[in-house]
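# Fold and contact review
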Amino acid sequence: MITGTPKPIDEVLEMLEPYDNIILAGCHGCVTVCRVGGEKEVQVLASTLRLAREASGKKIEIREVSLERQCDPEYVEQMRPYVEDYQAVLSIACGAGIQFLAEKITTTPLLPGINTGFLGVTERQGEWTERCQGCGDCVLHLTGGICPVTRCAKSLFHGPCGGSVRGICEVDKEIKCGWQLIIDRLVALDQMENYGKLKPYKGWNSARDGGPRRIIREDMI
Amino acid sequence: MLPCTGRIDEALLLKAFENGADGVMVVGCLEGDCHYISGNIRARARVKRVYAILEQIKIGPNRIRMYNLSAGEGSKFAAYANEFVDQIVELGPSPINLARGGGVQAAKEEETT
């Protein structure tokens, strides 16, 4: 899922300073699962903002909405009939959702209520870790299901660097060496021959380095 | 009145302040004695989060507190309720009620007149 963290409330209040009636828009997708931008978070943030603003003597009216997804046009369109009645939209969807709203609703300012994180997994309630950087050329079949692009801090492709000590990355003592994890898994799976199948070099043209990416599925158009 | 504090969520607690409460006292069963296994533990975590929110927005974190007691401890409930009311009276009206021109003080004045 796409993860995120709430923006500090003071930062949100500063963004909202010029406005006195807004829409607070949540999303039922990833941000609901990671408890940062779903229906419940809309209710909590709306109450928090109303209380903070009223206590400061400048009340704010907030319309609370939660779209099925903010990254799909049919759901974004649901806001169109009433969006112009408000001065701004504060979205607590991921960065993709917020931008998509901004593209489709051009007459109203869009404000971000969360900081979008990464493509990750839930370790336990309240803890998420990164797994995928969307490089566009998956090699997990060769690396025991552990991604060298994401799990190695340097995105190395041919084994650990000299900074790995006893399976721990030199970047942070909390981070396990991605390549140690890969080798251990390949040994456990008796698939060490896969280590030699990695490409001599990785082409990054399918990754972010080639600028904003696009997927076109001719079979679906 | 809720059948279990596990039903309480942050939005509900904040709504009480929006509706004019100067303080919110959450009373749950004794920890380890929840009929629904962990309702009161969940409530404690949610109260803690609202405590942090109230601190951030300067409403005052001490305006919310959770107590745990059994349904048979009537006198203890009364003592806790009195303790919490004293705490809120000492804090005075919440900034929301001050902005609205009311709160505990106004209610007390109304009572005496």
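Residues numbered from 1 in each chain as written. Chains lettered and ligands numbered in written order. Predicted model: local features only at pLDDT ≥ 70, side-chain atom pairs only at ≥ 80, totals over all residues. Heavy atoms only, no water.

What follows concerns the packing of aromatic side chains. Residue and element names in this part refer to chain A. Under the defined criterion, the tally for this structure stands at four aromatic pairs over all chains. Judged by centre distance (5.7 Å) and plane angle (65°), the rings of Trp179 and Tyr195 are edge-to-face. Taken as a pair, Trp179 in helix 8 (residues 178–189) and Tyr195 in the segment after helix 8 lie far apart in primary sequence, 16 residues in all. Accessibility expressed as a relative area gives 1% for Trp179, which makes it buried. Residue classification places Tyr195 among the partly exposed positions, given a relative accessible area of 30%. The ring of Tyr82 carries Arg63 above its face, with NZ or CZ at 3.6 Å from the centroid. It is Lys202 that lies over the ring of Trp204; its NZ or CZ is 5.0 Å from the centre. (Phe/Tyr/Trp six-rings, centres within 6.5 Å; stacked < 30°, edge-to-face > 60°. Helix = DSSP H or I, 4+ residues; strand = E, 2+ residues; numbered from the N terminus. Buried < 20%, exposed > 50% of the residue type's maximum accessible area, 1.4 Å probe, protein only. Lys NZ or Arg CZ within 6 Å of the ring centre and 35° of its normal.)

Here we take up the interface of chain B and chain A. Counting residues at the interface gives 16 residues for chain B, matched by 13 residues for chain A. Summed over both sides, the interface between chain B and chain A buries roughly 1,300 Å², with carbon and sulfur atoms accounting for 61% of that surface. Its largest share of buried area at the contact with chain A, chain B owes to B:Glu18, B:Ile57 and B:Ile96, together 35% of the area lost on that side. In this assembly, chain B and chain A are joined by three salt bridges. (Contact = heavy atoms within 4.5 Å. Buried area = accessible area lost by both parts, 1.4 Å probe. Salt bridge = Lys/Arg side-chain N within 4 Å of Asp/Glu carboxyl O.)

For the rest of this paragraph, the subject is the nonpolar core. Counting 45 residues, the largest nonpolar core has A:Leu16, A:Ile22, A:Leu24, A:Leu49, A:Leu90, B:Leu13 and B:Ile64 as its most contacted members. Elements represented by at least two residues in this core include exactly helix 1 (9–16), strand 2 (21–27), helix 3 (39–55) and strand 4 (88–91) of chain A together with helix 1 (10–18), strand 1 (24–28), helix 2 (39–56) and strand 2 (64–68) of chain B. Those residues in contact with A:Leu49 that sit more than four places away from it in its chain are A:Ile9, A:Val12, A:Leu13, A:Leu16, A:Ile60, A:Ile62 and A:Leu90. A:Trp179, A:Ile183, A:Leu198 and A:Ala207 belong to the second largest nonpolar core, which has 15 residues in total. (Core = buried A, V, L, I, M, F, W, Y, C linked by side-chain atoms within 4.5 Å.)

All names here are of chain A. What the four strands build is an open sheet, ordered 3-2-4-5; its pairing is parallel. Because the sheet does not close on itself, it has two edges, and the strands there are strand 3 (61–67) and strand 5 (110–112). Within this sheet the neighbouring strands show an average axis-to-axis angle of 25°, counted without direction. Taken together, the seven bridges between strand 2 and strand 3 define a ladder with parallel strand orientation. Bridge pairing in strand 3 places Gly26 opposite Ser66. Contacts between helix 1 and the sheet are confined to strand 2, strand 4 and strand 5, with strand 5 contributing the most and set at about 165° to the helix. Contacts from helix 6 (residues 95–104) reach strand 3, strand 4 and strand 5, with the element oriented near 170° to strand 5. (Pairing = 2+ DSSP bridges. Axes fitted to C-alpha atoms, helices over the stretch in contact; angles between N-to-C directions.)

Within chain B, residue pLDDT values average 90, and 89% of them lie at 70 or more. Mean pLDDT values for the elements of chain B range from 58 in helix 5 (residues 104–112) of chain B up to 97 in helix 1 of chain B. (pLDDT = per-residue confidence, 0-100.)

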